[in-house]
Amino acid sequence: MCVAKRVFLMCEFCGAVSRRGFCGGVLAVALARPGRLLEPGLHVRSTGAGRSVAVTLDACPGHFDPRVAAALVARGIPAVIFVTATWMQWNPQGLAYFLARPDIFDLQNHGARHLPAVLGSTPVYGLAPAGTLEAIRAEVLDGAAAVQKVTGKRPVWYRGAAGLYSPEAIPVIEALGFRVAGYSLNSDQGASLPAAIVARRLEAARDGDVIEGHINQPHRDSGAGIAAGLAGLQAAGARFVGLETAYG
Ligand SMILES: [Zn+2]
């Protein structure tokens, strides 16, 4: 995978946002990473009948984006929402909105404090990493407990902040009983892209794609693009599925 693609796998706190479009800056960010980090992919199984895609949206620390949430409900499109415990604390009304529609929103674990599952102390796109395996376990387990507290169900999936992982972290997360939620289509580059571009990226989704985007930035243009792109995908006949058939 090219460096230019990797660099945009981030959340709203990622420092690389301001560097987009500049290959030199992209490369500098990549080289500044603490060691070799993994960026897991994820797809869903093709049914052989048109496009099947899974929608996954991150609720990092931030706010609730009603444009995206209402579009999902209005269109009956199921989505996996990766929530941080922090986001749930800050957005009780948004959380209530999700919990009222379990047929649409499947809440999964984005960590307790939005700390990347990365060893060491070097920031990852501006985010302080968890730092140690013990801290990674705490980030994962405390995030899972927060999800279970509100849903009554232990989450199956964990997506780390920034979507990047130290190689040593992944078996630790899996040993805790969670699957690491990668993705194959980064729709909004950390909620940094203009709406029209986000919509086009979504509408270009391929059969089996696991789409990643954000639902925590109501004041950015990207969210409007997610809503428009989902409408376009649906109009084009795409099927929206969960992660039950997902494979990495
Ligand atoms: Zn995030």
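The structure presented is a predicted model; accordingly, all values stated were derived computationally and were not measured.

A few words on the overall build of the protein. Summing up its helical and strand segments, the protein has 9 helices and 8 strands in all. Residues counted as buried form 49% of the 248 residues belonging to the protein. In the protein, once contacts between residues fewer than 6 apart in sequence are set aside, the share between residues at least 24 apart is 81%.

In this section: unusual backbone geometry. The phi dihedral of Gln189 is positive, around 50 degrees, even though this residue is not glycine. Tracing the backbone shows Gln189 in the loop between strand 6 (185-186) and helix 8 (195-203). Among the residues examined, Gln189 registers 23 C-beta atoms within 10 Å and is labelled buried. For Ala191, which is not glycine, the phi dihedral falls at a positive 60 degrees. Here Ala191 shows up in the loop between strand 6 and helix 8. Assessed through the 29 C-beta atoms surrounding it within 10 Å, Ala191 is described here as buried.

A few words now on the packing of helix 8 against helix 9 (residues 222-235). Look at helix 8 against helix 9: their axes get within 7 Å of each other, and the N-to-C directions meet at 30 degrees. The element helix 8 and its partner helix 9 pack so that their crossing is right-handed. In this structure, helix 8 uses Ala195, Ala196, Ile197, Val198, Ala199, Arg201, Leu202 and Glu203 to contact helix 9, whose residues at the interface are Ser222, Ala224, Gly225, Ile226, Ala228, Gly229, Leu230, Gly232 and Leu233.

Counting residues in hydrophobic clusters, the biggest one holds 68 residues, and the most contacted among them are Ile81 and Ile211. Apart from the residues within four sequence positions on either side, Ile211 is in contact with Val53, Ala54, Val55, Thr56, Tyr183, Leu185, Ser187, Leu202 and Ala205.

Okay, the environment of Gly237 next. Take Gly237: it is sitting in the loop between helix 9 and strand 8 (239-241). For Gly237, a count of 9 C-beta atoms within 10 Å puts it in the exposed group. Along the primary structure Gly237 and Ser52 are separated by 185 residues, whereas in three dimensions their C-alpha atoms are 9.2 Å apart.

Let us now look at the pairing of strand 3 (residues 105-109). Counting buried residues in strand 3 gives 5 out of 5 residues, a clear majority hidden from the surface. The alternating pattern of strand 3 places Phe105, Leu107 and Asn109 on one face and Asp106 and Gln108 on the opposite face, and all of these are buried. One ladder, built from 5 bridges, connects strand 2 (residues 79-83) with strand 3; its direction is parallel. From the neighbouring strand, Ala79 faces strand 3, where its bridge partner is Phe105.

Further remarks concern the pairing of strand 1 (residues 52-59). The two faces of the sheet receive side chains in turn, since in a regular strand these alternate between them. Burial within strand 1 is extensive, with 8 of its 8 residues counted as buried. With burial as the criterion, each face of strand 1 is covered, one bearing Ser52, Ala54, Thr56 and Asp58 and the other bearing Val53, Val55, Leu57 and Ala59. Pairing between strand 1 and strand 7 (residues 210-214): 5 bridges, direction parallel. Of the residues in strand 7, the one forming a bridge with Val55 is Ile211. By the bridge criterion, 4 bridges tie strand 1 to strand 2 in an arrangement that is parallel. Within strand 2, the position partnered with Thr56 by the bridge is Val80. Handedness of the crossover is the feature at issue here: the chain leaves strand 1, passes through helix 3 (residues 66-75), returns alongside strand 2, and the resulting connection is right-handed.

Let us now look at the packing of helix 3 against helix 9. Interaxial distance between helix 3 and helix 9 falls to 8 Å at its minimum, and their mutual angle equals 20 degrees. One way to sum up the angle between helix 3 and helix 9 is to call them roughly parallel. Remark: the crossing between helix 3 and helix 9 carries right-handed chirality. On helix 9, the residues touching Arg67, Val68, Ala71 and Arg75 of helix 3 are Gly223, Ala224, Ile226, Ala227, Leu230, Ala231 and Gln234. Here the contact of helix 3 with helix 9 is built from residues that sort into 7 nonpolar, 2 polar and 2 charged.

The next subject is helix 5 (residues 92-100). Owing to its 3.6 residues per turn, the α-helix brings residues three or four apart onto one side. Buried within helix 5 are the following residues: Gly94, Leu95 and Phe98. Down the axis of helix 5, the smallest arc covering the buried residues is 100 degrees, so these residues share one side. Exposed side chains of helix 5 directed beyond 90 degrees from the buried face belong to Pro92, Gln93, Ala96 and Ala100. Looking at the buried side of helix 5, the elements it contacts are strand 2, helix 4 (85-90), strand 3 and helix 6 (133-151).

So, about helix 8. Among the residues of helix 8, those classed as buried are Val198, Ala199, Arg201 and Leu202. Down the axis of helix 8, the smallest arc covering the buried residues is 160 degrees, so these residues share one side. Its buried side turned inward, helix 8 meets strand 6, strand 7 and helix 9.

Parameters and conventions
- Residues numbered from 1 in each chain as written.
- Predicted model: local features only at pLDDT ≥ 70, side-chain atom pairs only at ≥ 80, totals over all residues.
- Helix = DSSP H or I, 4+ residues; strand = E, 2+ residues; numbered from the N terminus.
- Buried ≥ 20, exposed ≤ 12 C-beta atoms within 10 Å, placed from the backbone.
- Contact = placed C-beta atoms within 7 Å.
- Axes fitted to C-alpha atoms, helices over the stretch in contact; angles between N-to-C directions.
- Left-handed = near helix turned anticlockwise from the far one by under 90°.
- Core = buried A, V, L, I, M, F, W, Y, C linked by C-beta atoms within 7 Å.
- Pairing = 2+ DSSP bridges.
- Right-handed = clockwise from strand over helix to strand, strands pointing away.
- Parallel < 35°, antiparallel > 145°, perpendicular 65-115°, else oblique.
- Nonpolar A, V, L, I, M, F, W, Y, C, P; charged D, E, K, R; others polar.
- Arc of directions from axis to C-beta.

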